[in-house]
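Spelled out from the first residue to the last, the chains are:
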Amino acid sequence: MVSEVRNNPNAVLRVEHLSMKFGGLVAINDLNFEAKRGDITALIGPNGAGKTTVFNCITGFYKPTEGMLTMTRDNGETYLLERMSDFVITKKAKVARTFQNIRLFSGLTVLENLLVAQHNPLMLSSGYTILGLLGFPTYKKAAADAIEKARFWLEKINLVDRADDPAGDLPYGAQRRLEIARAMCTDPELLCLDEPAAGLNARESAELNQLLLNIRKETGTSIILIEHDMSVVMEISDHVIVLEYGTKISDGTPETVKNDPKVIAAYLGVEDEEVVELIEHAAATGSDDITAAVDLLSTEAIHEIEVTHAEPSAAPLISTPATKAAKAAPAKPATAKAPAKAKTVAKPVDPAIKAGATSNALAAPRGGKPDSLIVIKGIGPVNERKLNEHGIFHFDQIAAWKKADVIAAEAYLAFDGRIAREDWIGQAKKLAKESQIKPAAKKTGGAK
Amino acid sequence: MADIQASGQDSVYLKATKEAVFAGLIAFGLFFLVVGFRTDQNINNELVLVQRWGLLAIFVAVAAIGRFIFAAFITPSRERAKLAKSKVSAAARADRRSLKATVSRFGLALLFIYPFLVILILALINFAATGQWAFQSGVQGSLKYVDNFGIQILIYVMLAWGLNIVVGLAGLLDLGYVAFYAVGAYSYALLSTHFGLSFWLLLPMAGIFAAMWGIVLGFPVLRLRGDYLAIVTLAFGEIIRLVLINWTVVTKGTFGVSGIAKATLFGIPFTTGPTGFAATFGLPNSGVYYKIFLYYLILFLALLTAWVTIRLRRMPIGRAWEALREDEIACRSLGINTTTTKLTAFATGAMFGGFAGSFFAARQGFVSPESFVFLESAIILAIVVLGGMGSLIGIAIAAAVMIGGTELLRELEFLKLIFGNDFTPELYRMLLFGLAMIVVMVWKPRGFVGNREPSAFLHERKMISSEFTKEGHG
Ligand SMILES: Nc1ncnc2c1ncn2[C@@H]1O[C@H](COP(=O)(O)OP(=O)(O)OP(=O)(O)O)[C@@H](O)[C@H]1O
Ligand SMILES: [Mg+2]
């Protein structure tokens, strides 16, 4: 994958081995992808997948823990974004962005918002303020040009009439468009949009599609967008990358991604069992049928999207798949690969226990009542569920883990070294002893 | 319809009466022991209890009547005004704008003729009293009004306009602004006494020194925001003051620097000698000329500050300051270097503080660390907040009210008629001052002029209501 990413002169942005850790939390895990010049690349994934974090790394708001981000400008200059500070990235590398929670200058007028975005060229033409202060004509001309440019973008986003109103007074959809126009006023070559369609109604989001296609056509700006709204993603993007728990699980054209069982499982919240069943079924009947089966499942899923999207309420699709994805068992890479592998997946030690389980996995909790594993520091509700799915229900089970078990558990929890660092085994031993005396106290939350 | 309105009026009065009685009761409860009784000593050095029912009655009556007026007239009229405001036409808005322009032009003209106006009025009063026309009498009497009111207020106008760049535009809360004032004052005081340099050379230098200190302060505090920034700037102000006190070799410590040279008018000194101003122009000797000269000097400096601020607001840097106040992260995402933007705000604000400082030294002829205590910073900041952050006119009004008001309170001898002969108005100056500030902040939380004027427009210049603008987070 990496070698494929390299040596491609067409890529406007190359992301290689990008990792971002917040303390123990791995928000992005060894991510590789590239965005082609002139393409609209979509970055999708369930809530908390790390999409915004990727943007923050690209635009310099976070320093990545590891990895290389190469921006190649139209004129051939390359910039290593991870070494640059945020404002230099916009100024020199020509990457502009919008924010998930709109960040307009609400007390400035719409026009002023667009003028602030042209700060750097205006600063030059005003001779770093000094010539401008003395009233040199160069600045006057530049200022008039800047207003013209702002007017151009205001026409594009249909806000000329409201140019002199405070940006905070605009309706939500208009604010989103204004934020895009403001980013465009910095003359970017790569535009990063964080959920531009969030909170828009169907008509507005169709207009947004037009705006984005128009931007690309007229300015040739490459676009990366994070989006939950499938109608936007499927309609306008040339290339889709799917993240889940910071890891890329799919990468390709909208068609291929749409039909990728892993994506369906992760993003649309199809239960893992269904996928396993499906693959089993496919394996049993022959490889040809798997595509048909997957298609069936994905059409169902896409249908689901459309139904949700057609709802008149402005609530975007986010809520549905997100809650589902949260409820759904997290997809494990092992569960959905090639049919050949699926066989091994389909034959675990016990039908209830997932593949890759530790040696002391149980089919069901002893006495039907599992221990509350979230009492262990470092185990949250999600991990508890994952552990339960892998046959770990009791403290004494964790307490009895050997090195190999830890490695196995870390594989399915997608942790590295955290079990040892947080001394789960030690904690579990203590808790196991306590629970023999009295039942462990219930704890509602846990470290995530 | 009329019936409904009439009954509505009745119910308003009824409600107001009720509220008035209630307010009176509360005032009675509050002041019964505090005001109603007073312990005193009689001739035999015995403690006696003096009862002051009259005074208590005044307190209660003021509370009750005040509440009544407020509930019966002020609140309804304000509501009506609010209603009317929501449906003003564009024409009315344009009207108000032209009115505002006339008012500010008129104010400016008044500022220019102020000293002569004062002289004329005093001369006329004198004429009315004695029946003798003597222009000179007006000249002598004007000293107080030109110096205590005119110059004093304009110094604060200038300081507040300077601080406005930092606090009002860039949204960086600076509690140590007086430090730059001190730097300016001491730059002039020391360089002129030691090297004999002229005021006109040292005026820009003082500004540059202060700006440099602004940058020096700016660097370490740039990462800080909000409360932390305020605390660090406060500390910086105190450090400068303590250095001035303790570096006695240079600054003479608490004794201060005295005998600072006066400013000259194109080389003509304001002295009594044959080469002095009075002799040159064939005028009788008087200290007033220097004061009038200083008045115009500070007026010029203040207007320079205003002019630069207005120009800067229309420059990219000024817009970047305001954008910084609104949202720093968005600024960075647009390629704006927020570090240098903040530094320029600090430096520009400090520079005007430095100008004002050197003027202050030239005016007083004496500087000591006592003039640069934290209270000064607080007053300047209060003027900016009271006037409406970012608004030059609002700030000028606030400075006139606050500084002029405290000066006026020195003169309120008539209060003795109300509160008895042992009432000293000077002692209550700060109390009244504080009360006035609270009232203004309750009445107009965003200051006198809370609206923001946009720096550029496409169709028409509309004022931006204060509900949209942010105050900045440091
Ligand atoms: N500054 C931070 N400090 C600690 N954790 C963070 C930080 N920023 C993000 N995270 C964590 O990283 C993970 C990924 O967050 P991110 O915001 O990138 O998700 P996302 O894919 O954008 O989700 P959404 O669809 O909800 O916007 C989350 O678990 C989040 O809590
Ligand atoms: Mg996000």
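Remember, it's a predicted structure, so these values are computed and weren't measured experimentally. (Residues numbered from 1 in each chain as written. Chains lettered and ligands numbered in written order. Predicted model: local features only at pLDDT ≥ 70, side-chain atom pairs only at ≥ 80, totals over all residues. Heavy atoms only, no water.)

Q: How should the site of ligand 1 be read in this particular structure?
A: All names here are of chain A. Inspection of the region around ligand 1 gives 14 residues, with Asn 47, Lys 51, Thr 52, Thr 53 and Gln 100 positioned closest. Separating an oxygen atom of ligand 1 from a backbone N or O atom of Gly 48 is a distance of 2.8 Å. His 228 is positioned such that a nitrogen or oxygen atom in its side chain is 3.0 Å from an oxygen atom of ligand 1. Look at ligand 1: alone it shows 630 Å² of surface, and the protein chains cover 66% of it. Those elements giving two or more residues to the shell around ligand 1 turn out to be β2 (25-36) and α2 (51-58). (Near = heavy atom within 4 Å. Polar contact = N/O pair within 3.5 Å; in protein donor to acceptor, adjacent residues only side chain to side chain. Areas by Shrake-Rupley, 256 points an atom, 1.4 Å probe, with all protein chains shown as cover. Helix = DSSP H or I, 4+ residues; strand = E, 2+ residues; numbered from the N terminus.)

Q: What's the story with the coordination of the magnesium ion (ligand 2) in this structure? I'm lost.
A: Ideal donor angles around a metal are set by the shape: a four-donor tetrahedron calls for 109.5 degrees, a six-donor octahedron for 90 or 180 degrees. All names here are of chain A. Looking at the magnesium ion (ligand 2), the protein donor atoms are Thr 52 (OG1) and Gln 100 (OE1), and they sit 1.8 to 2.2 Å from it. Here Thr 52 is found in helix α2, whereas its partner Gln 100 is found in the loop between β6 (95-97) and α4 (110-116), with 48 residues between them in sequence. In this structure Thr 52 comes out as partly exposed when scored by relative accessible area, which is 25%. (Donors = N, O, S within 2.8 Å, 3.2 Å for Na, K, Ca; no water. Buried < 20%, exposed > 50% of the residue type's maximum accessible area, 1.4 Å probe, protein only.)

Q: What exactly am I supposed to notice about the packing of helix α7 (residues 137-156) of chain A against helix α9 (residues 202-219) of chain A here?
A: Packed helices, taken two at a time, are described by the angle between their axes plus the distance between the axes. All names here are of chain A. Between α7 and α9, the shortest axis-to-axis distance is 11 Å and the interhelical angle comes to 140 degrees. Taken together, α7 and α9 sit at an angle that is classed as oblique. Contacts between α7 and α9 involve Phe 152, Trp 153 and Lys 156 from the first element and Leu 211, Asn 214, Ile 215, Glu 218 and Thr 219 from the second. Here the residues of the contact of α7 with α9 are counted per class, giving four nonpolar, two polar and two charged. (Axes fitted to C-alpha atoms, helices over the stretch in contact; angles between N-to-C directions. Parallel < 35°, antiparallel > 145°, perpendicular 65-115°, else oblique. Contact = heavy atoms within 4.5 Å. Nonpolar A, V, L, I, M, F, W, Y, C, P; charged D, E, K, R; others polar.)

Q: Explanation requested: the interface of chain A and chain B in the structure shown.
A: If you look at the interface, chain A gives 43 residues, while chain B gives 37 residues. Roughly 3,500 Å² is buried in total at the junction of chain A and chain B, and carbon and sulfur atoms are behind 65% of that figure. On the chain A side of the interface with chain B, the three residues burying the most area are A:Phe87, A:Leu133 and A:Asp164, jointly 19% of the side's total. Counting across the chain A and chain B interface gives two salt bridges. Notably, a salt bridge pairs A:Arg103 with B:Asp327, separated by 2.9 Å at the nearest N-O pair. If you look at where chain A meets chain B, you find nine residue pairs in polar contact (both at pLDDT 80 or more). Where the side of chain A that touches chain B is concerned, the elements lending two or more residues are α3 (86-91), α4, α5 (119-125), α6 (130-133) and α7 of chain A. Here the side of chain A that touches chain B is built from residues that sort into 20 nonpolar, 12 polar and 11 charged. (Buried area = accessible area lost by both parts, 1.4 Å probe. Salt bridge = Lys/Arg side-chain N within 4 Å of Asp/Glu carboxyl O.)

Q: Hey, could you run me through the packing of helix α6 (residues 199-221) of chain B against helix α7 (residues 226-246) of chain B in this one?
A: Residue and element names in this part refer to chain B. It is the contact of α6 with α7, at a shortest axis distance of 11 Å, that shows an interaxial angle of 140 degrees. As judged from the angle between their axes, α6 and α7 are oblique. Crossing handedness for the pair α6 and α7: right-handed. Facing α6, whose interface residues are Trp 213, Leu 217 and Val 221, α7 presents Leu 229, Val 232, Thr 233 and Phe 236. In the contact of α6 with α7, the residues fall into six nonpolar, one polar and no charged. (Left-handed = near helix turned anticlockwise from the far one by under 90°.)

Q: Just to check I follow, could you spell out helix α13 (residues 338-364) of chain B for this structure?
A: Count 3.6 residues to each turn of an α-helix, and residues three or four apart come out pointing the same way. Residue and element names in this part refer to chain B. End to end, α13 covers 39 Å across 27 residues, agreeing with the expected 39 Å (1.5 Å per residue, within 8%). Burial within α13 is extensive, with 22 of its 27 residues counted as buried. If you check the start of α13, you find a side-chain oxygen 3.1 Å away from the backbone N of Thr 339, and it comes from Asn 337. Where α13 ends, the next residue or the one after it, Gly 365, has phi of about 75 degrees, a positive value. (Expected span 1.5 Å × (residues − 1).)

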